[in-house]
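For reference, the chains in residue letters:
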Amino acid sequence: QVQLVESGGGLVQAGGSLRLSCAASGGTFSMYTMGWFRQAPGKEREFVATINWIGYNTNYADSVKGRFTISRDNAKNTVYLQMNSLKPEDTAVYYCAAAPRYRSGSYSTNDYNYWGQGTQVTVSS
């Protein structure tokens, strides 16, 4: 059983940056593909970014490509999401999630078995 805890959310002005972190415990971190998803009020949870077990392969939603960067540190059991050039439409609760290693590149919520509690990101205009 993997436990995931996100941190780093907050309020930022448009054009600003935030770095989210997700600390994992209770499992072998390198066994998992890791992903970030987000959910805005009244909307379904959507894919943001994913990274494979060793960090060589990444995949991004078109809406964040070129602005967000996902990375991981397996020695620290942590995955990160660096968010630059933030826009008001990036406002959402951001969740990290873990999927089996063979789900590399997956953007489907159905493929992820473990989820964090979420961290709020609010971008003001």
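Residues numbered from 1 in each chain as written. Predicted model: local features only at pLDDT ≥ 70, side-chain atom pairs only at ≥ 80, totals over all residues. Heavy atoms only, no water.

> Tell me about the overall build of the protein, and please be specific about residues and values.
Along the protein, the regular secondary structure elements total zero helices and eleven strands. Expected size for 125 residues packed as a compact globule is a radius of gyration near 14 Å; at 13 Å, the protein falls within 12% of this value. Projected onto its principal axes, the C-alpha positions of the protein cover 40 × 25 × 25 Å. In the protein, which comprises 125 residues, the proportion classed as buried is 45%. Long-range pairs, those at least 24 residues apart, make up 59% of the contacts in the protein between residues at least 6 apart in sequence. Counting only carbon and sulfur atoms, one obtains 46% of the accessible surface of the protein, whose full area is about 6,300 Å². Distance between charge centres in the protein, computed from 11 positive and 8 negative side chains, equals 5 Å. (Helix = DSSP H or I, 4+ residues; strand = E, 2+ residues; numbered from the N terminus. Rg over C-alpha atoms; globule rule 2.2 N^0.38 Å. Buried < 20%, exposed > 50% of the residue type's maximum accessible area, 1.4 Å probe, protein only. Contact = heavy atoms within 4.5 Å. Areas by Shrake-Rupley, 256 points an atom, 1.4 Å probe, with all protein chains shown as cover. Lys, Arg positive; Asp, Glu negative; His and termini not counted. Charge placed at Lys NZ, Arg CZ, Asp CG, Glu CD.)

> For the pattern of salt bridges, give the residues involved together with the corresponding values.
This structure, assessed with the given rule, holds five salt bridges. Lys65 is the partner of Asp62 in a salt bridge, and the nearest nitrogen-oxygen pair spans 3.1 Å. Look at Asp62 and you get exposed, because its relative accessible area is 66%. Of the residues examined, Lys65 reaches a relative accessible area of 48% and is grouped as partly exposed. (Salt bridge = Lys/Arg side-chain N within 4 Å of Asp/Glu carboxyl O.)

> Please give an account of the state of the cysteines that cites residues and values.
A full pass over the atoms with the stated rule returns one disulfide. One disulfide in the model links Cys22 with Cys96; its S-S distance is 1.9 Å. Since a negative S-S torsion denotes a left-handed disulfide, the Cys22-Cys96 link at about 40° is right-handed. Taken as a pair, Cys22 in strand S3 (residues 18-25) and Cys96 in strand S9 (residues 92-100) lie far apart in primary sequence, 74 residues in all. Overall, the relative accessible area of 0% leaves Cys22 in the buried class. (Disulfide = S-S within 2.5 Å.)

> Give a description of the sheet that holds strand S8 (residues 78-83) that names residues and reports values.
Pairing in this open sheet of four strands is antiparallel, and the strands run S1-S3-S8-S7 from one edge to the other. Strands at the two margins of the open sheet, each flanked by one partner only, are strand S1 (3-7) and strand S7 (68-73). Ignoring which end each strand starts from, the neighbouring axes of this sheet average 15° apart. Judged from the five bridges that link them, S1 and S3 form a sheet pairing that is antiparallel. Within the sheet, the bridge partner assigned to Leu4 lies in S3 and is Ala24. (Pairing = 2+ DSSP bridges. Axes fitted to C-alpha atoms, helices over the stretch in contact; angles between N-to-C directions.)

> Outline the packing of aromatic side chains, listing residues and values.
Within this structure, the stated rule accounts for six aromatic pairs. A ring pair is formed by Phe37 and Phe47, whose centres lie 5.8 Å apart and whose planes are at 75°; its orientation type is edge-to-face. Here Phe47 lies in strand S5 (residues 46-51) and Phe37 lies in strand S4 (residues 32-39), a separation of ten residues in the sequence. Here Phe37 matches Phe47 in class, with each residue buried. (Phe/Tyr/Trp six-rings, centres within 6.5 Å; stacked < 30°, edge-to-face > 60°.)

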